Amino acid sequence: MSNQSQLDWTATDERAVDLIRVLAMDSVQKVGNGHPGTAMSLAPVAYLLFQRLLRHDPADPHWPGRDRFVLSCGHSSLTLYIQLYLSGYGVTLDDLKAYRTWGSITPGHPEHGLTPGVETTTGPLGQGIGNAVGMAMAARRERGLFDPDAEPGHSPFDHYVYCFVSDGDIEEGISHEVSALAGHQRLGNLIVVYDDNYISIEDDTHIAKSEDVAARYEAYGWHVQRLSWRTPNGYHEDVQALYQALLAAREDTEAPSFVALRTIIGWPAPHKQNTGAAHGSALGADEVAATKQVLGFDPALDFPVEDEALGRARQVAERGKSLHAEWEQSFAAWSEVNPDRRALFDRLAARRLPDGWTEALPSFPADGKAMATRKASGTILSALAPVLPELWGGSADLAESNLTTMAGEPSFIPVDHQTEMWPGNPYGRTMHFGIREHGMGAILNGIALHGGTRPYGGTFLVFSDYMRGSVRLASLMELPVTFVWTHDSIGLGEDGPTHQPIEHLWALRAIPHLEVVRPGDANETVVAWRTILERARPTALCLTRQTLPVLDRSPTGGPDGEHGLAGAEGVARGAYVLAGGTDVILIGTGSEVSLALEAREQLAAEGVSARVVSMPCVEWFNAQDESYRREVLPPTIRARVSVEAGITEPWRLFVGDAGGSIGVDHFGASAAYQKIYQEFGITAERVAAAARDSLARVRA
């Protein structure tokens with residue numbers, strides 16, 4: 001046995017592990033709810049990782065050279081919080097006492113940005129392993145940007161991503177999506193430990209699960225190791241064997257690693273170990289006292305300090321300081337040899353866009369050639385590729401439909417998986433998620449969490465339903481992820497109601513922090529992309545399949561030939577006056593903006609002055625000051641009509657009681673999009689008629 005694989009594990013380490021179990025019990029018992037069992041059984045696993053293997057520095061939680069740790073089983077948040085306390089991250093014993101209470105930094109599930117040392121928000125099961133896959137992909141992409149020629153393991157950008165998963169993560173379908181892709185991508189920097197304890201809230205998992213999980217991961221192409229602490233002679237926490245397994249996982253750089261570890265949940269609680277009761281509720285005062293007695297702690301003492309064990313654990317600070325110093329030397333040497341790449345690293349780390357980058361943005365002529373906004377978006381992405389190396393992405397097997405591929409950019413793929421259509425290499429730029437929408441969302445979140453690159457991913461808008469859990473977490477964490485959702489209405493036509501989004505735009509607008517952008521023509525799409533990149537927020541970019549006119553914004557390019565339309569710059573403010581008017585306001589989004597302009601012409605022929613407001617982003621508009629909002633939508637003009645090919649009721653927020661809304665409040669149909677628009681009444685004539693009705697109500 002080599003010195004490296006021989007673990008220095010003392011009686012004080014054992015005491016520290018038992019202290020973890022006691023603190024987990026006490027924290028849950030004090031608040032009266034939570035998940036103590038997994039934190040108890042994973043105590044030696046988490047302690048081993050943080051103390052001996054994880055490259056981290058408690059004094060600098062954001063050190064770029066650190067390994068990443070993801071607790072996918074976020075319900076066991078104490079598994080992480082107690083390690084942060086023991087390691088000296090700033091989480092205190094008082095914070096553990098405040099577990100799951102108002103204003104604490106130890107909420108029921110780990111929250112990114114709240115607690116130092118927490119890499120991502122977890123809790124919805126399966127999301128964390130998706131984030132971990134994204135982090136591993138981001139690490140490889142960033143190495144390709146900064147240090148592609150270094151030997152494996154010899155770059156300051158080489159590090160590992162560790163992830164703990166539970167049966168809940170494994171059972172959620174998203175784990176299949178991301179794990180299959182991780183195996184295909186051969187992410188050798190990813191190490192997953194599976195807590196195989198046979199228990200979930202409904203007790204024994206055999207009631208709902210019987211597959212061989214390790215075999216499943218072998219089928220994905222992972223490096224799989226099986227360990228069991230359940231032995232014929234009783235339960236034995238063989239930390240040395242686990243240590244060796246994790247070292248073996250680190251040495252296998254050709255595949256992601258999966259360590260299946262059989263544990264007993266709630267160990268060593270004498271009556272509630274190996275039960276569903278230990279999973280999701282306090283053990284009870286009697287059981288806590290009995291367990292403390294088994295562990296050699298005072299049953300009457302809550303939240304013990306144990307100075308010797310805590311001191312032993314805090315030694316990790318010196319280990320982290322030393323590792324950090326070694327990395328800084330390596331990073332400095334790399335910086336000296338690669339000054340341009342160092343400048344890029346600094347810019348990306350600061351999430352700063354390069355000077356003059358907007359000069360690369362195209363503009364589209366109003367030459368009578370109609371263009372789908374998805375087509376405009378694809379052109380924009382290709383134009384930005386040379387100036388924004390941080391921008392990368394792909395789609396869920398819909399590249400030819402979403403138009404998310406930057407022209408000429410190689411695929412992100414092991415060389416032997418490239419195809420004739422998609423040549424690439426491990427450091428490529430075009431991602432292929434396969435038909436895995438939900439997994440794609442979680443991976444994009446992980447990429448954004450990892451560092452400075454800016455990911456985007458595409459599918460059809462209707463399939464945003466398949467990825468809503470990931471989108472919600474991107475919004476909760478306020479990550480700079482762009483979801484490119486095309487085929488954004490009944491305008492996609494013949495695919496019919498299964499593929500035609502109706503309620504989706506407003507359902508997405510209901511998610512806090514998500515910015516939903518639906519540009520009305522090619523040049524609005526340019527400003528939309530520019531604003532998205534400048535704001536660096538979670539964004540849904542909703543684009544058309546069908547072609548739209550490129551609006552003529554020249555001084556005499558308006559519908560009446562005398563007063564031109566406003567420029568597209570107003571997109572950045574969420575809504576703007578596209579064409580002036582004083583009697584009625586027509587509010588349009590996306591493909592329906594041009595219908596509003598047609599309706600304006602019809603009304604003008606009757607002597608009605610209609611203002612057309614393009615509102616590509618409700619969230620951006622609502623963020624403007626009141627004076628601007630009143631300027632665009634003057635309260636004195638009460639006659640209003642909205643037009644959007646989706647549900648209408650929420651538009652009452654903008655049209656008021658006197659207004660009307662043209663939209664679709666039922667499922668779609670299969671036909672050419674022109675026919676569907678006509679049959680469903682999404683026409684300029686209907687908009688004009690609704691304007692007359694609104695005027696009549698105002699004047700009544």
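Everything numeric here is computed off the predicted structure, so don't read it as measured data. (Residues numbered from 1 in each chain as written. Predicted model: local features only at pLDDT ≥ 70, side-chain atom pairs only at ≥ 80, totals over all residues. Heavy atoms only, no water.)

1. Details of the environment of W229
As for its placement among the helices and strands, W229 is situated in the loop between β6 (223–228) and β7 (230–231). Along the sequence, W229 and L242 sit 13 residues apart, while their C-alpha atoms lie 9.7 Å from each other. (Helix = DSSP H or I, 4+ residues; strand = E, 2+ residues; numbered from the N terminus.)

2. What to know about helix α13 (residues 307–314)
Since one α-helical turn is 3.6 residues long, residues separated by three or four positions face the same way. Burial in α13 covers these residues: A309, L310, R312 and A313. Buried residues in α13, looked at end-on, bunch into an arc of 160°, giving them a common side. Opposite the buried face of α13, at more than 90 degrees from it, the exposed residues are D307 and E308. Residues of α13 that are buried sit in contact with α1 (11–31), α3 (43–53), α4 (77–87) and α14 (316–337). (Buried < 20%, exposed > 50% of the residue type's maximum accessible area, 1.4 Å probe, protein only. Arc of directions from axis to C-beta. Contact = heavy atoms within 4.5 Å.)

3. Considering the packing of α3 against α4
Running from N to C, α3 and α4 point in directions that differ by 45°, and their axes come no closer than 10 Å. Our classification of the angle between α3 and α4 gives oblique. Our pair here, α3 against α4, has a crossing hand that is right-handed. Side by side, α3 and α4 meet where A43, A46, Y47, F50 and Q51 of the first sit next to T79, L80, Q83, L84, L86 and S87 of the second. (Axes fitted to C-alpha atoms, helices over the stretch in contact; angles between N-to-C directions. Parallel < 35°, antiparallel > 145°, perpendicular 65-115°, else oblique. Left-handed = near helix turned anticlockwise from the far one by under 90°.)

4. Considering the packing of aromatic side chains
For the coordinates displayed, the defined rule picks out 33 aromatic pairs. Seen in terms of ring centroids, Y456 and W529 are 6.2 Å apart; in terms of plane orientation they differ by 80°. Their pairing is edge-to-face. Taken together, the positions of Y456 in strand β14 (residues 454–460) and W529 in helix α21 (residues 522–535) put the pair 73 residues apart, joining distant regions of the chain. Pair check on accessibility: Y456 and W529 agree, each one buried. On the numbers, 5.3 Å between centres and 85° between planes, the contact of W506 with W651 is edge-to-face. (Phe/Tyr/Trp six-rings, centres within 6.5 Å; stacked < 30°, edge-to-face > 60°.)

5. A word on the nonpolar core
Counting residues in each nonpolar core, the largest one holds 77 residues, and the members touching the most others are I490, V584, L586, M615, L633, F654 and I682. It is α21 that provides the largest number of residues to this core, a total of seven residues. Among all residues touching I682, those that are not within four sequence positions of it are I490, E592, L595, V643, I662, G663, V664 and Y677. Grouped together as the second largest cluster of nonpolar side chains are 67 residues, L7, W229, A278 and A282 included. (Core = buried A, V, L, I, M, F, W, Y, C linked by side-chain atoms within 4.5 Å.)

6. Let's talk about the sheet that holds strand β19 (residues 584–588)
Taken in spatial order, the five strands line up as β18-β20-β19-β21-β22 in an open sheet, and their pairing is mixed. Two strands lie at the open edges of the sheet, namely β18 (576–579) and β22 (660–662), each paired on one side alone. Strand-to-strand twist across the sheet, computed as the mean angle between neighbouring axes with direction ignored, equals 30°. Strand direction decides the pairing type here: strand β21 (residues 640–643) and β22, joined by three bridges, are parallel. Considered in β22, the bridge of V641 is made with G660. Of the strands in this sheet, β19, β21 and β22 are in contact with helix α27 (residues 684–699), which crosses β21 at around 155°. (Pairing = 2+ DSSP bridges.)

7. Quick notes on unusual backbone geometry
Excluding glycine, a negative phi dihedral is what most residues carry, and trans is how most peptide bonds are arranged. W267 connects to P268 through a cis peptide bond whose omega is 5°. Inspection of the secondary structure assignment puts P268 in the loop between β9 (257–262) and α11 (277–280). The backbone phi angle of R186 is positive, close to 55°, even though this residue is not glycine. Position of R186 relative to the elements: it lies in the loop between α8 (173–185) and β3 (190–196). Given a relative accessible area of 31%, R186 falls into the partly exposed group. Phi at E478 is positive, roughly 55°, even though this residue is not glycine. By relative accessible area, which is 35% here, E478 ends up partly exposed.

8. Overview of the environment of V484
Relative to the helices and strands, V484 resides in strand β15 (residues 482–486). Counting along the chain gives 478 residues from V484 to Q6, while the straight-line C-alpha distance between them is 50 Å. In contact with V484, not counting residues within four places along its chain, are T404, Y456, G457, G458, T459, W529, L541 and L543.

9. Quick look at α27
The terminal C-alpha atoms of α27, which comprises 16 residues, lie 23 Å apart, in line with the 22 Å expected from a rise of 1.5 Å per residue. Of all the residues in α27, the buried ones are A684, V687, A688, A690, A691, S694 and L695. Axial view of α27: buried residues confined to an arc of 160°, hence all on one face. Buried residues along α27 sit against β19, α22 (593–604), β21 and β22. (Expected span 1.5 Å × (residues − 1).)

10. Let's talk about the sheet that holds strand β2 (residues 161–165)
The strand order β1-β2-β3-β9-β6 describes an open sheet built from five strands, whose pairing is parallel. The open sheet has two edge strands with one neighbour each: β1 (68–71) and β6. The mean angle between the axes of side-by-side strands here comes to 15°, regardless of whether they run parallel or antiparallel. Sitting on the sheet, helix α9 (residues 213–220) touches β3, β6 and β9, and the angle it makes with β6 is about 165°.

11. Observations regarding the pattern of salt bridges
One pass over the full model with this rule turns up 34 salt bridges. The salt bridge involving D8 is made with R312; its shortest N-O contact spans 3.7 Å. Of the two residues, D8 sits in the segment before α1 while R312 sits in helix α13, which places them 304 residues apart along the sequence. For D8, a relative accessible area of 48% gives the class partly exposed. Through salt bridges with shared partners, a single ionic network connects D8, D13, R52 and R312. (Salt bridge = Lys/Arg side-chain N within 4 Å of Asp/Glu carboxyl O.)

Geometry only, nothing functional implied.
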